[in-house]
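If you want the building blocks of each chain, they are given just below.
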Amino acid sequence: MKLVGSYTSPFVRKISVLLLEKGIAFEFVNEQPYNAENGVAQYNPLGKVPALVTDDGQCWFDSPIIAEYIELLGVAPEMVPREPLAALKVRQMESLADGIMDAGLASVREQARPAAQQSEAEVLRQREKISRSLDALEGYLADGTLKTDTLNLATIAIACAIGYLNFRRIAPGWCVERPHLVKLAETLFLRESFARTEPPKA
């Protein structure tokens, strides 16, 4: 099995953590999706990471789809509940965390543009998305919908999103008045799967 991706992508990290936690062996293929010669396109027509190539040559792309495929392999531990409504709740929280990652990536791309071409309004819009989403996730942890010591697809995605905010120094005050998210991140970052997938220092 091959995982095609970039070491700095939070979406790739989410899938790497899932595979490591389940003990599924995989080869990592480092491809930069924004290079002029995009090697990712041979695996995903959209040219985006991650992509997963199975031993029999099937190719899966988009991190929620890949996560679903990995769950269908039936390898413990289970990362999504079997009860349909409970599973849907976990996937909605995964989607919220993925949205934070998307907004973070958009912020990084906007701020990488020449200063004269940057849109302050666009950067602000992405930061507001991140803030609202973090508030919602803090609420899920505060009311017990999620637990800070639970390892599932939602908590993995949330920790990867927070890791990306830290890595790119986006929304540096995200931890203020969000003690449950801080606890969740601290707990998961101690796991070997997160230590092994930490983005390289610039």
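Thresholds, definitions, all that
Residues numbered from 1 in each chain as written. Predicted model: local features only at pLDDT ≥ 70, side-chain atom pairs only at ≥ 80, totals over all residues. Heavy atoms only, no water. Domains from an automatic or database assignment. Contact = heavy atoms within 4.5 Å. Buried area = accessible area lost by both parts, 1.4 Å probe. Salt bridge = Lys/Arg side-chain N within 4 Å of Asp/Glu carboxyl O. Phe/Tyr/Trp six-rings, centres within 6.5 Å; stacked < 30°, edge-to-face > 60°. Helix = DSSP H or I, 4+ residues; strand = E, 2+ residues; numbered from the N terminus. Buried < 20%, exposed > 50% of the residue type's maximum accessible area, 1.4 Å probe, protein only. Core = buried A, V, L, I, M, F, W, Y, C linked by side-chain atoms within 4.5 Å. 1 Å grid on protein atoms, 1.4 Å probe; cavity = no way out; pocket = protein on both sides within 12 Å on 5 of 7 lines; lining within 4 Å. Points joined across faces, edges and corners; volume = space filled by probe spheres on them. Nonpolar A, V, L, I, M, F, W, Y, C, P; charged D, E, K, R; others polar. Expected span 1.5 Å × (residues − 1). Polar contact = N/O pair within 3.5 Å; in protein donor to acceptor, adjacent residues only side chain to side chain.

## Some remarks on the domain arrangement of the protein chain
Consideration 1: Segmentation of the protein chain into domains returns domain 1 (1-71) and domain 2 (82-190).
Consideration 2: Between domain 1 and domain 2, the C-alpha centre-to-centre distance is 21 Å.
Consideration 3: Taken together, the 13 residues of domain 1 in the interface contact 16 residues of domain 2.
Consideration 4: Approximately 1300 Å² of surface area, both sides summed, lies buried where domain 1 meets domain 2, with 69% of it carried by carbon and sulfur atoms.
Consideration 5: On the domain 1 side of the contact with domain 2, Pro10, Phe11 and Lys14 bury the most area, a combined 42% of that side's loss.
Consideration 6: Linking domain 1 with domain 2 are 3 salt bridges.

## Quick word on the packing of aromatic side chains
Consideration 1: In this structure the tally under the stated criterion is 4 aromatic pairs.
Consideration 2: Note on tyrosine 7 and phenylalanine 28: the rings are 4.6 Å apart at their centroids and 20° apart in plane angle, and the pair reads as stacked. You can see tyrosine 7 sitting in the loop between strand S1 (2-5) and helix H1 (10-22) and its partner phenylalanine 28 sitting in strand S2 (residues 27-30), a full 21 residues away along the chain.
Consideration 3: In this structure tyrosine 7 comes out as partly exposed when scored by relative accessible area, which is 45%.
Consideration 4: Plain terms: the ring middles of tyrosine 164 and phenylalanine 167 are 6.5 Å apart, the flat faces sit at 50° to each other, and that makes the pair tilted. Of the two residues, tyrosine 164 and phenylalanine 167 are both situated in helix H5 (residues 153-167); the distance of 3 residues between them amounts to about one turn of the helix. Of the two residues examined, tyrosine 164 and phenylalanine 167, each falls in the buried class.

## Observations concerning the nonpolar core
Consideration 1: Within the largest apolar cluster, 50 residues are counted, with the highest numbers of intra-cluster contacts made by Ile15, Leu18, Leu19, Leu52, Ile70, Ile158 and Leu181.
Consideration 2: Broken down by secondary-structure element, the contributors of at least two residues to this core are H1, helix H2 (63-72), helix H3 (84-111), helix H4 (120-142), H5 and helix H6 (179-189).
Consideration 3: It is H5 that provides the largest number of residues to this core, a total of 12 residues.
Consideration 4: In terms of domain composition, this core takes at least three residues from each of domain 1 (1-71) and domain 2 (82-190).
Consideration 5: The contacts of isoleucine 158, once residues within four sequence positions are left out, are Ala97, Leu137, Leu146, Leu181 and Leu184.
Consideration 6: In this structure, Val4, Val29, Tyr43 and Ala51 belong to the second largest nonpolar core, which totals 5 residues.

## Describing the layout of surface pockets
Consideration 1: Empty space within the largest pocket amounts to approximately 600 Å³.
Consideration 2: Lining the largest pocket we find 25 residues, and of these Ser9, Phe11, Tyr34, Val49 and Leu105 sit closest to its centre.
Consideration 3: Put simply, the parts of the chain that give the lining of the largest pocket at least two residues each are H1, H2 and H3.
Consideration 4: Along the lines of polarity and charge, the residues of the lining of the largest pocket split into 12 nonpolar, 7 polar and 6 charged.
Consideration 5: Each of domain 1 (1-71) and domain 2 (82-190) gives at least three residues to the lining of the largest pocket.
Consideration 6: Put simply, the second largest pocket is a space of about 310 Å³.

## Concerning H5
Consideration 1: For H5, with 15 residues, the first-to-last C-alpha span of 21 Å sits near the 21 Å given by 1.5 Å per residue.
Consideration 2: Extensive coverage of H5 is indicated by the burial of 14 of its 15 residues.
Consideration 3: N-capping of H5 is provided by asparagine 152, with a side-chain oxygen placed 3.0 Å from the backbone N of alanine 154.
Consideration 4: Positive backbone phi, approximately 55°, marks arginine 169, located one or two places after H5.

## Some words on the side chain of serine 193
Consideration 1: Topologically, serine 193 is positioned in helix H7 (residues 192-196).
Consideration 2: Classification of serine 193 as buried rests on a relative accessible area of 5%.
Consideration 3: Polar contacts involving the side chain of serine 193 include one to the side chain of glutamate 21, which spans 2.6 Å.

## Here we look at H2
Consideration 1: Looking at H2, one finds that the buried residues are Ser63, Ile66, Ala67, Tyr69, Ile70 and Glu71.
Consideration 2: Looking one or two residues past H2, glycine 74 carries a phi angle of roughly 75°, positive in sign.

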